[in-house]
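Summary of the model geometry
Spelled out, the chains give:
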Amino acid sequence: LLIAYLLSAMIPLPIWLASFQVALSQHRIPSWEKASPMKFPHIALVEGCYYKHARYYSPFSQKTNATTIHQCQQKCVASTETKCFFFNFFPSTGACLLAPADAAFTAYLSKDSYAGPKVCPQEPVVCTDLPTPAFPAADSEMSKMAWPMHMVPPKLGCWPKDFVGKKFKNCPRVTAVEDTATGWPGKCLGLDEVVVPYKETCQSWCEKQPGCSVWQEVDQGGETACFQTFWSSGYNCYQRIVDGKEDLDFKPIRAQRLMKGEVRVLKKLSFVHIDGLKRVFDENYFAKHEDGVKACQTTCYSDLGCQWWIYSRVRGCYVEDISHQRMPVPMTTDTFQVFAREAQEVLDGEYIQHQCKELPYADISSKEEIPEFHLPTTATDTTTPEPAAETTTLPTTSERTYWTTAGINLVTMAPSHSPQRDERASSQVDPKDLKLLGVGALVVKGIDLNLVDSTTRSKLSDRYAEMIAANTRLSKYDVLDLNNKAGHVTLESWQTGNPLIRRLQTAEPGFKAAFKLSEKGKETYSEAARVLTSDRFYLEVQSETAAMLKHTPVGGKLPRVQAVMRQAQDSDFLPLNAERKQVSNANAELWMFILGFILVALIIGILIWLFGWSKKKVSFTRKAETKLGSFRKLGDEDPEYGQVSKGGKASKKNGAGAASPSRREIEEAEMRAVQVASRLSEEVDVDDVPSARPQGYASGSMFTATPQVNFSGSPYATPVPVQYNSGYQMPSLAPGYPGPRVIR
């Protein structure tokens, strides 16, 4: 020690700093100090049969009481009223629920509760159950119903665990499935450099870590560095491709892929595409697809976090890597896509479960004792009261649960409040002291609230506040109604003719339960909105409402429930009456603005009309009609006498003001022209006119007669033009022609 101290004192300080900087640059983080992506299961298996923090839910469950979980299980076996298949036991209240075969396994609102089957199997069902072909289904509930126990085995559900330290144990059986000594390239990417503890090698340390599946020893400047995977299988182990180029110079000193325990195949896959899987190698390395399928299978088998793998003949191998993305449990068709275009390329795949048969099944179960229910006793009264739903005292709202009885009857348990809480519940919160997290409403359809008495309404309002608080990290008195009253919600109906919510009127009766959430603790708006708008919360409100209204005129109906949430606004801080007054003032201002705008637009329109009318000019002159083209040829489409033609309308539009001449006017004008021609012919000297000839016109006229034949075969004379050399002469008329008719 003295020599080591002297040597260390002789080393200059800059050398120590340089060594420290090199260590930081290499990021050598011990693997046992790194955060694990594999989460310890929340639902714990107890005694190989029962599940803690879980329950079997059904609206047709039967409620009874028991002091121990085994007594509750015996009541399920002896039940005759309900065909009991599952049971739920609540040590805090002594409630025992007997669920039928349609019950769904859930962890919702099941803190410190226990669930189990009617008869415990010889081996845990998480290690023996297989799904039906209906798995995966369209939603999580249907996917769970595809299993015999209505539950999907959790990830590593059949793996030995340390329930005290909440860690996964290592399996004694370790197999090297791939080794560089037997020709495996071992050029994997995705490994972390680790610090190997004293008296350990890179291989031995990886064998002792459940999350290690691949280890490498790499030469770095004369020193051997250890690289290992951490809940991952690594990728590009056959071709080390970095930034699209293969690194041909890299070659590890030694590398192995380790498989721990055994694998149980739950479902064979083919022609299916799964979103979220990680590509570990492409399709180009292996010449045969069979070799690629075998390598892809080995990759998933070696990683305890992998449960899904598929091999595509076009894209290569894809496996589940929880350090990349965790697959949902249970799987649904949103991720498991059979009709996707990529599904046609998938040749093989599996859904697997990792087991360690070298350790007993007792290592996968918790060894904790299931508590018993003890009835409260007092000094004055030592008799044991008969358990009843109306007289059971519960500790707090957050620890209380509500369950269904036969049919859709729900157990109603009266809360026990302290005087301080009663005072707080009856008080109204001042808007100045209020900090709102959000505003929402429960919409319940199919229930006519007008048929429910005021006492039941008050209880229903109080119960809704309790359920909202139980599903969020808030207390009951952080839930306010629209009047800022703590511990209640505002119930409003939308029946026909109800003036409260006219815009929500439907043909179906219903009501809404409006509420405000006070900002307290670590609860966030996004988390509260996610929980209160979930299907599971809708199911709880549905059953609770049906049970509360069972003995009312609307009893026996199972309503439909929906919830809406939004972030708080400034107007939400005021009580209901003040809020409506403020809204009415805002509407009045809006209507005043609209009326003012309409009045201004009307005045502007009148001024434009008057200004345009003053510029119009009307003309009745023939010259104006001619310029505007009022007159046109008379055709078949010309209007009769007394009608106005289209040209007349156009003339009026253009400002002429005169209509086109009618047919009657044109005929009178032609007759006047004939009269003028007659007068002119009478004024001509008779001596100058040549005698008429029967054959046609005179030789001095402009026309000469040419014999023609008409359609009937008789000849007639047709005038043809001839050379005219003399002065102007009127043509002679044929015999028998009386001449133009003279109208006096």
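Everything discussed here concerns the structure shown above.
Here the structure is a predicted model, which means the values were calculated and not measured.

Moving on, we get to the pattern of salt bridges. Pairing of side chains with opposite charge becomes possible as their charged atoms draw close. Under the criterion given, the structure shown has 19 salt bridges. Here Asp321 and Lys278 are joined by a salt bridge, their closest N and O atoms 3.8 Å apart. With Asp321 in the loop between strand E22 (316–319) and strand E23 (336–337) and Lys278 in strand E20 (residues 278–281), this residue pair connects regions lying 43 residues apart in the sequence. Glu527 is the salt-bridge partner of Arg530, the closest N and O atoms lying 2.5 Å from each other. Remark: Glu527 and Arg530 occur in helix H9 (residues 525–532); sequence separation between them is three residues, near one turn of the helix.

Before going further, it helps to examine the sheet that holds strand E21 (residues 308–312). An order of E18-E24-E21-E22-E20 is seen for the five strands of this open sheet, with the pairing classed as antiparallel. Edge positions in the sheet fall to strand E18 (262–269) and E20, since each has one partner strand and no second. In this sheet, neighbouring strand axes are inclined to one another by 30 degrees on average, regardless of whether the strands run parallel or antiparallel. Bridging between E20 and E22 involves three bridges; their strand directions are antiparallel. Residue pairing across strands places Phe281 opposite Cys317, the latter belonging to E22. In the packing of helix H6 (residues 289–302) onto the sheet, contacts are made with E18, E20, E21, E22 and strand E24 (346–355), and the angle to E21 comes to roughly 160 degrees.

One way to put it is that helix H8 (residues 454–471) packs onto helix H10 (residues 535–548) with a least axis distance of 11 Å and a crossing angle of 155 degrees. Between H8 and H10, the interaxial angle falls into the category roughly antiparallel. Every pair of crossing elements has a handedness; the one defined by H8 and H10 is right-handed. Between H8 and H10, the contacting residues are Thr456, Lys459, Leu460, Arg463, Tyr464, Met467, Ile468 and Asn471 on the first element and Phe537, Glu540, Val541, Glu544, Thr545 and Met548 on the second.

This paragraph deals with the pairing of strand E28 (residues 510–518). Counting buried positions along E28 yields nine of nine residues, so the element is predominantly enclosed. Here two bridges tie strand E26 (residues 479–480) to E28, and the two strands are oriented antiparallel to one another. Paired with Val479 across the strands is Leu517, a residue of E28. As judged from the four bridges shared by strand E27 (residues 490–493) and E28, these two strands associate in the antiparallel manner. Paired with Ser493 across the bridge in E28 is Phe511.

How two aromatic rings sit relative to each other is given by the distance of their centres and the angle of their planes. All chains considered together, the criterion is met by 17 aromatic pairs. Here the aromatic rings of Phe135 and Trp147 are separated by 5.4 Å at their centres, their planes lie at 75 degrees, and the arrangement is edge-to-face. On the criterion of sequence distance, the pair formed by Phe135 in the loop between strand E8 (114–117) and helix H4 (140–145) and Trp147 in the loop between H4 and strand E9 (161–162) is long-range, its members being 12 residues apart. Put simply, the rings of Phe135, Trp147, Trp308, Phe336 and Tyr351 touch in pairs and so form one group of aromatic residues. One residue, Arg240, lies across the ring of Phe250, its end atom 3.8 Å from the ring centre.

Cut-offs used in this document
All residue numbers refer to positions counted from 1 along the written sequence of the respective chain. Reporting in this predicted model follows two pLDDT cut-offs: at least 70 for local features of residues, and 80 or more for side-chain atom pairs to be given and counted; totals over whole chains, interfaces and linings ignore these cut-offs and use all residues. As a convention, hydrogens and water are excluded, and side-chain values are obtained from all of the structure's heavy atoms. Throughout this description, the term salt bridge denotes a Lys or Arg side-chain nitrogen within 4 Å of a carboxyl oxygen of Asp or Glu. Strands here are runs of E lasting at least two residues and helices are runs of H or I lasting at least four, both read from the DSSP assignment and numbered beginning at the N terminus. By the convention used here, strands pair only if DSSP detects at least 2 bridges between them. Axis definition: a line fitted to C-alpha atoms, over the contacting stretch in the case of helices. Angles run 0 to 180 degrees between N-to-C directions. What makes two residues a contact is simply this: any of their non-hydrogen atoms within 4.5 Å. Angles are sorted into four bins: roughly parallel if under 35 degrees, roughly antiparallel if over 145, roughly perpendicular if 65 to 115, and oblique for all others. Two helices crossing with the near one rotated counterclockwise from the far one by less than a right angle form a left-handed crossing, whereas a clockwise rotation gives a right-handed crossing. Partly exposed residues are those whose accessible area sits between 20% and 50% of the maximum for their type, while under 20% is buried and over 50% is exposed, using a 1.4 Å probe and protein chains only. Stacked, tilted and edge-to-face are the three classes assigned to paired rings of Phe, Tyr and Trp, where Trp is represented by its six-membered ring and a pair needs centres within 6.5 Å; plane angles under 30 degrees give stacked, over 60 edge-to-face, the rest tilted. Charge-over-ring contacts are defined here by two conditions on Lys NZ or Arg CZ: a distance within 6 Å of the ring centre and an angle within 35 degrees of the ring normal.

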